[in-house]
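Survey of secondary and tertiary structure
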Amino acid sequence: MLMPDELERRRETIAQSTDLQALRARLRDRAAPLLERMPVIPASKALLSTDGGVCPDDGSALVFDPWSPDEHRCPRCGRNWRGERHDRHWARFQHLWLAERAAHLAALAATETLPAAAARAREILAAYGTTYFSYPNRDNVLGPARLFFSTYLESIWLLDYLAAAVLLRSAGELDADTAELVSVVADEAANLIGDFDEGFSNRQTWHAAALLAIAVWFEDEELAQRAIEGESGLAAHLLHGFGADGMWYEGENYHLFALQGMLRGLAWARAAGVELMADPELAARVHAALRAPCLTALPDRTFPARKDSRFGMSLAQPMYLEIWECGLGALAAAEDEDTSELADWLAGLYAVPAPPAEPFDSYLHEAGEPVPASRARADLSWHALLEMPPVFTGEPAGWAPASALLGSQGLAVLREGERYISLECGPLGGGHGHPDRLHLTLHASGVHWLPDPGTGSYVTPDLFWYRSTLAHNAPRLDGRSQEPGDATCEAFDSGAGWSWVRGRFGELTRTVVSGPGYVVDVVELDGATERLLELPWHVAGSVSVTPAPAWEPADLRDRFVDTPERMSGPGTPVVLRAEQGEARFALHLASVATLLRAIAPGTPGTVAPVTFYLQRVEDRAAALVAVLDTSASGGVRGVRVNGGVIEVETVEGTERHIRAADEWIVERGAERIRLGGRIATPLRFESLTQARPEPVGGTAPFIHASPALDGTLAGFEDAEPLHLDHEDQYRRSEEPYAGPEDFSATARAVWDEEALYLAVDVTKADPVFRSPGVAPLRLDNEPEDIHSDGVQVYVRDADGNLFGALVVPEAGGGLRARRIAGTAASDVHGAWTATDHGYLVTIALRPADWTPVRGTPIGFDLIVNEMHADRERRAGQLVWSGGAGWVWLRGDRQDAARFGELTLQ
């Protein structure tokens, strides 16, 4: 994306840099197969499904080979698989890879004389220019798109596509006919991406960067200004998405994705004539964003799988290496930023063995290539050729991280040598957050003993396990996952040899004290009433319990948990001893509590289920004390708890830990160590937020006789209509609201002591009702009945209990109803009839323990789904409380905070 004058300067820089010349030579070699033959452009739009790209035998992700469009190999069993679902999954990566290759070839042609590379790049650009409109903007998951099922993928693709075109144009290698085809694609993409403004999202960084690329292509100053300075532009995301500590609010995985998109956007801003790094505030935030994942990295140079992060992902992945290389290049324009620390960090990444390149939507440059023993700067992509500094000065031994508190993220990392322990005591983290407040992570002796599992696939059922409290080393109350909410850090202090942190989440606190040979962990409940406190422990390796207990069946209800057992007899302190290779770890559970064990899924990527342990105690006030012995020799001999004093017996003597409100005291013989650092006003992450609409209201009259519930309005005549017929009530998949004549609904609600009754009269020609006997769609984790005409109804009673049902008409006039996940049980039945303008549904919803009170408002919402015969996914939905947005990723869920109010008259 270099302009002609910038391109000439970069050519001179490459000529004077040994590293850049080596990279260009490597890129030339990697381009050889492309020059020999034109790669295949997929004929189909990409599809997100549960079975595409997955081995039917063992569930492994099939290898992406850009030269094999219809045979896809399983890396585990070695079999090749065929089929449309696999081909359409392959198309996702192939479209992205082709745009990368076009830019790769164009970068070579722009920095040296390579006519064949320029010709092939033009051929790829022209091929998409002539076929782009043949891919339907339909059946999308996350915003409008033609090549893909989500807008953010279209943005990623377009950035490389336009980079190829701009580089060829700057080098005088783009003919008028190809330029015209590129303009056709860019114009349509501008409509798709510009229409789908996600407001505040990691994906919006990519949308803003793509709009900037379009602005550069068309020389559109107004669009460039919007993409940079708008409410959802690059500057706003940089200042509000990355906290004061530099970390993106959704954790490391999305931090790195958003940061990569941000760096792409900064490069396009420079092409538009705007150097954002000249602003000291923006430059400082970029520097902090580049530094933040270095502070939280595990000792093995993977990032912690917090929130919806990938598990066990190496930060030495080539994509991440390039983020820091290009980030250092971007910061070169900032006068006051000392980047030596980042260079040392990057040098350390180059020094570790090269991990196999993972397939990323935004980085496929090593697809189909063998894994190198190590990586150097010459192994990176065309981005690095144009953006990374010409000389590298980092030293691997220069990076020495210390304990740190990322204040606005609420993550405390306590380091002691190669031991790493962290506590999650901050904000939930948006839609990618997990109910794992006060989760504990431990990495020591080269082993990830207490991991955060992150998330595997979004389209497999185990997603819901990894998004549960039970899957984490985090406390929960009353046998349920934590309610969404934020924790706070109350204290943090770090000194020579000792450090500590205390976090609070509601009635729960967790205190972690790190010393030279062991860690003290205290989970406390201080409630007004008796609660069931449970603390899971997911310990890696081979685990034994001492003293060896007898086990008996226990009750631990979760659909992912199997064979729960409890230690028989009264609860007593025990020690969990774990081994992995030569490494050892002992977990001293010093409090009197019931100990359970059960089988559940392991970390993402594992095949066999694993055993985890759980402590359980029921009380109003309780404390679970544990000591984590990470010393090679097992230095902890015993632990005793006496009120507010914890005595840890070690091979060197007894050490006393004294808990206080604002400090922690450690007594080691004559030595007395005080840890303070009370945080009076915790840092909070403040992001851009969308204002919630004012709640709508309606009434439901009391009736003395139940309605007929026969698909007619009999029994509903006196009810006030609830209208769903406005554009601001519509959530669309691609197309905007067509109007009430094409799709609308009028509902009526009445009630008695037994139930709430609804009559929903829908205007829609040719409704499409999903039959219970059809083959499963297997598109994702959402209930398949959302891809049907039908309704979703939600009730929240005066006690806060939530009920919900997804209802679809069936042949013969009956209804099929399923309870919406996360809501309480209710009986739902009724009937429907066809009308001359659509269909009419009558429903009785009988919540468990329904105790309505006349004159009392209840939370209520009604959603009407819209489906068409030529679609795989629903087209949109009308929402009584207000839609005004997009239907993506909502499934059958509706935020209870957005419900309207229905007054029972």
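Use the structure listed above.
Summarised in this report is the structure supplied together with it. (Residues numbered from 1 in each chain as written. Predicted model: local features only at pLDDT ≥ 70, side-chain atom pairs only at ≥ 80, totals over all residues. Heavy atoms only, no water.)

The subject of this paragraph is the environment of Arg37. When you line up the elements, Arg37 lands in the loop between α3 (32-36) and β1 (72-73). Each C-alpha atom, one on Arg37 and one on Arg120, is 9.0 Å from the other, the two residues being 83 residues apart in sequence. Ignoring any residue separated from it by four or fewer positions in sequence, one finds Arg37 in contact with Trp67 and Arg120. (Helix = DSSP H or I, 4+ residues; strand = E, 2+ residues; numbered from the N terminus. Contact = heavy atoms within 4.5 Å.)

Let us look at helix α2 (residues 18-30). The end-to-end C-alpha distance of α2 is 19 Å, a good match for the 18 Å that 13 residues give at a rise of 1.5 Å each. The complete set of buried residues in α2 reads Leu20, Leu23, Arg24, Leu27 and Arg30. The buried residues of α2 occupy one face: seen down the axis, they fall within an arc of 120°. Away from its buried face, by an angle of more than 90 degrees, α2 presents the exposed residues Thr18 and Asp29. Tucked inside the fold, the buried residues of α2 contact α1 (4-15), α3, α4 (84-111) and α15 (382-387). (Expected span 1.5 Å × (residues − 1). Buried < 20%, exposed > 50% of the residue type's maximum accessible area, 1.4 Å probe, protein only. Arc of directions from axis to C-beta.)

With that settled, the discussion passes to the environment of Tyr613. Summarising the element assignment, Tyr613 is placed in strand β19 (residues 610-629). With 35 residues separating them along the chain, Tyr613 and Ala578 place their C-alpha atoms 12 Å apart. Beyond its immediate sequence surroundings of up to four residues, Tyr613 is in contact with Leu535, Pro536, Trp537, Val543, Val545, Trp551, Leu576, Leu595, Leu596 and Arg597.

Now for the environment of Val879. Within the secondary structure layout, Val879 lies in strand β36 (residues 876-879). Taking the relative accessible area as the measure of exposure, Val879 reaches 0% and is therefore buried. Along the backbone, Val879 and Asn865 are 14 residues apart, and their C-alpha atoms lie at a distance of 8.9 Å. Those residues in contact with Val879, other than ones at most four positions away along the chain, are Leu724, Gln729, Arg731, Asp861, Leu862, Ile863 and Gln894.

Once that is clear, we can look at the side chain of Glu782. Relative to the assigned elements, Glu782 resides in the loop between β29 (756-764) and β30 (790-796). Glu782 sits in the buried class, given a relative accessible area of 18%. A distance of 3.0 Å separates the side chain of Glu782 from the side chain of Arg893, its partner in a polar contact. (Polar contact = N/O pair within 3.5 Å; in protein donor to acceptor, adjacent residues only side chain to side chain.)

A word on the sheet that holds strand β28 (residues 743-751). One open sheet holds the 5 strands; their spatial order is β26-β28-β29-β34-β33, and the pairing between them is antiparallel. Edge positions in the sheet fall to β26 (722-724) and β33 (826-835), since each has one partner strand and no second. Within the sheet, the average angular offset between the axes of one strand and its neighbour, ignoring direction, is 15°. (Pairing = 2+ DSSP bridges. Axes fitted to C-alpha atoms, helices over the stretch in contact; angles between N-to-C directions.)

Their axes nearest at 9 Å, the elements helix α6 (residues 151-170) and helix α8 (residues 202-218) cross at an angle of 30°. In terms of their interaxial angle, α6 and α8 are classed as roughly parallel. α8 is crossed by α6, and the crossing has left-handed handedness. From α6, Thr151, Tyr152, Ser155, Ile156, Leu158, Leu159, Leu162, Ala165, Val166 and Arg169 reach across to α8, where they touch Arg203, Trp206, His207, Ala209, Ala210, Ala213, Ile214, Val216 and Trp217. Looking at the contact of α6 with α8 residue by residue, the classes come out as 14 nonpolar, 3 polar and 2 charged. (Parallel < 35°, antiparallel > 145°, perpendicular 65-115°, else oblique. Left-handed = near helix turned anticlockwise from the far one by under 90°. Nonpolar A, V, L, I, M, F, W, Y, C, P; charged D, E, K, R; others polar.)

Looking now at the pairing of strand β17 (residues 583-589). Burial runs high along β17: 6 of the 7 residues are buried. Counting the residues between successive antiparallel strands, the hairpin from strand β16 (residues 574-580) to β17 contains 2 residues, one of them, Gly581, with a positive phi of roughly 65°. As judged from the 4 bridges shared by β17 and β19, these two strands associate in the antiparallel manner. Within β19, the residue paired with Leu589 across the bridge is Ala626.

Overall, antiparallel pairing links the 5 strands, which are arranged β20-β21-β22-β23-β24 in an open sheet. Either end of the sheet is taken by a strand with one partner, and the two such strands are β20 (636-642) and β24 (671-675). Taken pair by pair, the neighbouring strands of this sheet meet at an average axis angle of 15°, ignoring direction. Two elements, strand β23 (residues 664-668) and β24, share 5 bridges in a ladder whose sense is antiparallel. Note that in β24 the partner of Trp664 across the bridge is Leu675.

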